[in-house]
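# Close look at the chain arrangement
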Amino acid sequence: MLIDNLEHQQKILEKLYLIRDLEEAIAEHYPEGEMRCPTHLSIGQEGVPAALSVCLSHDDFAVSTHRSHAHYLAKGGCPKAMVAEIYGKASGCSGGRGGSMHLIDESVGFKGSTAIVGNTIPIGVGLALSQKIRKKKNISVVFVGDGAIEEGVFYEAANFAAVKGLPVLFVCENNLYSVYSGLENRQPKGREIHKMVEGLGLKTYSGDGNDVVSSHQLLAQAVDDIKQGQGPIFVELSTYRWREHCGPNYDNQLGYRSEEEFLTWQKLEPIARFEKWLQDNNLMTQQTMADIRQQVNKTIKQAFIFAKSSPFPDASTLADHVYAAGGQ
Amino acid sequence: MLEQELMFTEAINEAMFAAMEQSDDVLCYGLGVDDPLRIFQTTKGLVEKFPERVFDMPTAENGMTGIGVGVALAGMRPVMVHQRLDFFLLAFDQLVNSAAKWHYMFNGQRSVPITIRLIIGRGWGQGPTHAQNLHALFAHIPGLKVVMPTTPQDAKQMLLESIFDNNPVVFLEHRWLHNQTGMVEENHCLNESNYLPMHKARVVEEGEDITIVSMSYLTIEAMRAIEALKSQGINAELIDLRSIKPIDWETIENSVDKTGRLLVLDTGATTGSVAGEIVAHISENKFSALKSAPKRLAMPDIPEPTSYGLTKNYYFGAKEIAEHAHYIIKNVEVIDLYQGLIREGHHDVPGAYFKGPF
């Protein structure tokens, strides 16, 4: 399934620009000291979530990780509410109680992201279980990285998803690093994550996560397979984090990865490759692309104005929401 | 009100049937919920009646707790069961970081109405990792509710209330209560005016001389103790805590206002215990009402050993409770006065009926 639909081409491009440029804006504003929470940027990793964005509806669920800005935005999450959340404002998507690592937009099926590696994996599988019990046609997406695969809970949840044939799509963005620890320190030499997962009884696909067109093909196929009742699918897509694990800066000077490696991956970046594909195939003019990017940047600007001008939650609300009221 | 005599396990079973009949959103799962033994008969007949909502699970405590959180976030009401509390320790990430936090960290947008039934073992060599009373550990976590019913009636009503509560509830069943019988109302309407809400403690017996606060199986021992105290002219007020988090301070404070003395019993280890919390709270808030130092009687900071020989003096019971209450009031240590409270038979079983294995 090539991206043959103009609306989808535009939407993917819009998501790519939105994620990249919004993250860059966060990096630019972060040193002002107003975004006072740990923030994990997705710059360089825009391709996979953007490619997936057109395969899902708001009735499909998604859960994510500490590095969730891209997933939230790709699923359709409100940019204003996300930026306001990072600023700790009452208008944030979690009312300032969660910050960058706890994003949610229930209106588009983005059910939440959390900070502990692997934490939302079983939660996403549980959401899929609810869809199966209720005989829904929708799916649940679980975003993970290569690090989460090392958590025991990944095995537990994937195993159960396979046992029950649940409609869950595991999207593994393999960016080679868990914080500053390379894969070679964490997994056996020569392991291919998708092959290991195949051994658990899941159907798997793998590919170049910075190639939006082929990633979209794999993901669209996987979503379709799951909706046809084929059970859980695991898609491993390679990609690369440009900035430091947590925070707005580049960190190649630390020496845990080489400048050469970084530059190699930077050349493979997803946005320019997708733009080139659109042009080479005469699918979109440069002018249209520029218009889309300009529109996106208006949205981003408005999101920052909104976030900065929103009030903090009142300190008197500190104890609100510890418990939910009532019952059924 | 129609009543029938039921065992604690039968009352749990009735609550499960009632909840699953009442709502299609209630699920029941856990290792063995549909096996031949049916979690000490508590899940008997359930899978036959509700085949799509009752299921066995892989031995994956953390993952399966997270899956329960996930279905709960979709609006369902899962009930997860573990035959021993100790296995559930593998699930602390999902309990603490997900279930307990979700409602708060997402600004009240979604809560996690999961009920986690944990069975606490004791005796018959259950040993260091099959007999832990960790209610204080759960109670320490903001966002959780923690309950420990004692009677079959409370077991039924509080399980129903836990399931339909919008928050995560840790529901702790002491294995030595499973065979206790009691009258249980057939009606299970939670809106009856005479019903005591889950968060309220129950005054089991009124008295003027001392307040004894207990929980779970220790309430059974305390009931025996207060009968013996009566024969010494001491009228103890016994409060069964029922809810460990939140604690019903009003009932305890009112009682201490009346009696001026406090003995708190705890099935868990002394350090950081719920009993210690209650003693601290009363000392802070009711100091002037106290006629003597409040006292906690909890388990030693020692794991439960396995050997019949080593457990002989490990647990305290009615005798020690009566002796401590007597001392608090009379300020004299008594020897032999409450020897009659020592239970006959083997010390490591709840009754002669119990032949193990767990």
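Residues numbered from 1 in each chain as written. Chains lettered and ligands numbered in written order. Predicted model: local features only at pLDDT ≥ 70, side-chain atom pairs only at ≥ 80, totals over all residues.

## Quick look at the overall build of chain B
Selection rule: Helix and strand definitions here come from DSSP, where helices need a minimum of 4 consecutive H or I residues and strands a minimum of 2 consecutive E residues; each element is numbered from the N-terminal end. In this setup the radius of gyration rests on C-alpha atoms only. A globule is expected at 2.2 Å times the number of residues raised to 0.38. Here exposure depends only on C-beta density: within 10 Å of a residue's C-beta, 20 or more other C-beta atoms make it buried, 12 or fewer make it exposed, and intermediate numbers make it partly exposed, the C-beta atoms being placed from the backbone. What counts as a contact is two residues whose backbone-derived C-beta atoms lie within 7 Å of each other.
In terms of regular secondary structure, chain B is built from 12 helices and 14 strands. Computed over C-alpha atoms, the radius of gyration of chain B comes to 20 Å, within 12% of the 21 Å expected from 2.2 N^0.38 for 358 residues, which places it in the range of a compact globule. Across its three principal axes, chain B shows a C-alpha extent of roughly 60 × 45 × 40 Å. Counting the 358 residues in chain B, one finds 55% classified as buried. For chain B, the share of sequence-separated contacts (at least 6 apart) that also reach a separation of at least 24 residues comes to 78%.

## With respect to the interface of chain B and chain A
We apply this condition: Each residue gets one label: Ala, Val, Leu, Ile, Met, Phe, Trp, Tyr, Cys and Pro are nonpolar, Asp, Glu, Lys and Arg are charged, and the others, such as Gly, are polar.
Across the contact, 35 residues belong to chain B and 37 residues belong to chain A. Listing elements by their share of the side of chain B that touches chain A, those giving two or more residues are helix 4 (61–73), helix 5 (92–99) and helix 6 (102–105) of chain B. The element that contributes the greatest number of residues to the side of chain B that touches chain A is helix 4 of chain B, accounting for 10 residues. Taken together, the residues of the side of chain B that touches chain A sort by class into 14 nonpolar, 17 polar and four charged.

## Quick word on the domain arrangement of chain B
Residue and element names in this part refer to chain B. Formally: Delimitation of the domains relies on an automatic or database domain assignment.
Looking at chain B, the domain boundaries give domain 1 (3–185) and domain 2 (202–341). Placing a centre on the C-alpha atoms of domain 1 and another on those of domain 2 gives a separation of 27 Å. In this assembly, 25 residues from domain 1 lie in contact with 21 residues from domain 2. Listing elements by their share of the side of domain 1 that touches domain 2, those giving two or more residues are helix 7 (135–139), strand 6 (145–147), helix 8 (152–164) and strand 7 (169–174).

## Overview of the packing of helix 9 (residues 217–230) of chain B against helix 12 (residues 318–330) of chain B
All names here are of chain B. The line we're drawing: All axes are obtained by fitting lines to C-alpha atoms, using only the stretch in contact for helices, and the reported angles, taken between N-to-C directions, cover 0 to 180 degrees. Each angle receives one of four descriptions, namely roughly parallel if under 35 degrees, roughly antiparallel if over 145, roughly perpendicular if within 65 to 115, and oblique otherwise. Note: crossing handedness is left-handed where the near helix turns anticlockwise from the far helix by less than a right angle, and right-handed where it turns clockwise.
Look at helix 9 against helix 12: their axes get within 8 Å of each other, and the N-to-C directions meet at 50°. One element, helix 9, and the other, helix 12, form an angle in the oblique class. The handedness of the crossing between helix 9 and helix 12 is right-handed. Two secondary-structure elements touch here, helix 9 through Glu 221, Ala 222, Arg 224, Ala 225, Ala 228 and Leu 229 and helix 12 through Ala 318, Ile 321, Ala 322, Ala 325 and His 326.

## Structural notes on the sheet that holds strand 14 (residues 295–299) of chain B
In sheet architecture, strand pairing relies on hydrogen bonds along the backbone and comes in two forms, parallel and antiparallel. Residues and elements named next belong to chain B. We apply this condition: When DSSP finds at least two bridges between two strands, those strands are taken to pair.
In space, the five strands of this open sheet follow the order 9-11-10-13-14, with mixed pairing throughout. Every interior strand has two partners, whereas the edge strands, strand 9 (202–205) and strand 14, have only one. Across the sheet, the mean angle separating the axes of adjacent strands is 25° when strand polarity is ignored. Pairing of strand 10 (residues 210–214) with strand 13 (residues 262–269), which is carried by three bridges, proceeds in the parallel orientation.

## Observations regarding the environment of A:Cys93
Residue and element names in this part refer to chain A. You can see Cys 93 is positioned in the loop between helix 4 (79–86) and strand 2 (110–113). A residue is classified by how many C-beta atoms lie within 10 Å of it, and Cys 93, with 26 of them, is buried. A sequence separation of 15 residues divides Cys 93 from Cys 78, and the C-alpha atoms of the two residues are 8.1 Å apart.

## Focus: the sheet that holds strand 2 of chain A
All names here are of chain A. Sheet architecture is open: six strands sit in the order 2-1-3-4-8-7, paired in parallel fashion. Each edge of the open sheet is held by one strand with a lone partner, namely strand 2 and strand 7 (203–208). The sheet shows a mean angle of 15° between the axes of neighbouring strands, direction not considered. In this structure, strand 1 (residues 61–64) lies alongside strand 3 (residues 140–145), joined through three bridges in parallel fashion. Bridge assignment links Val 63 to a residue of strand 3, and that residue is Val 142.

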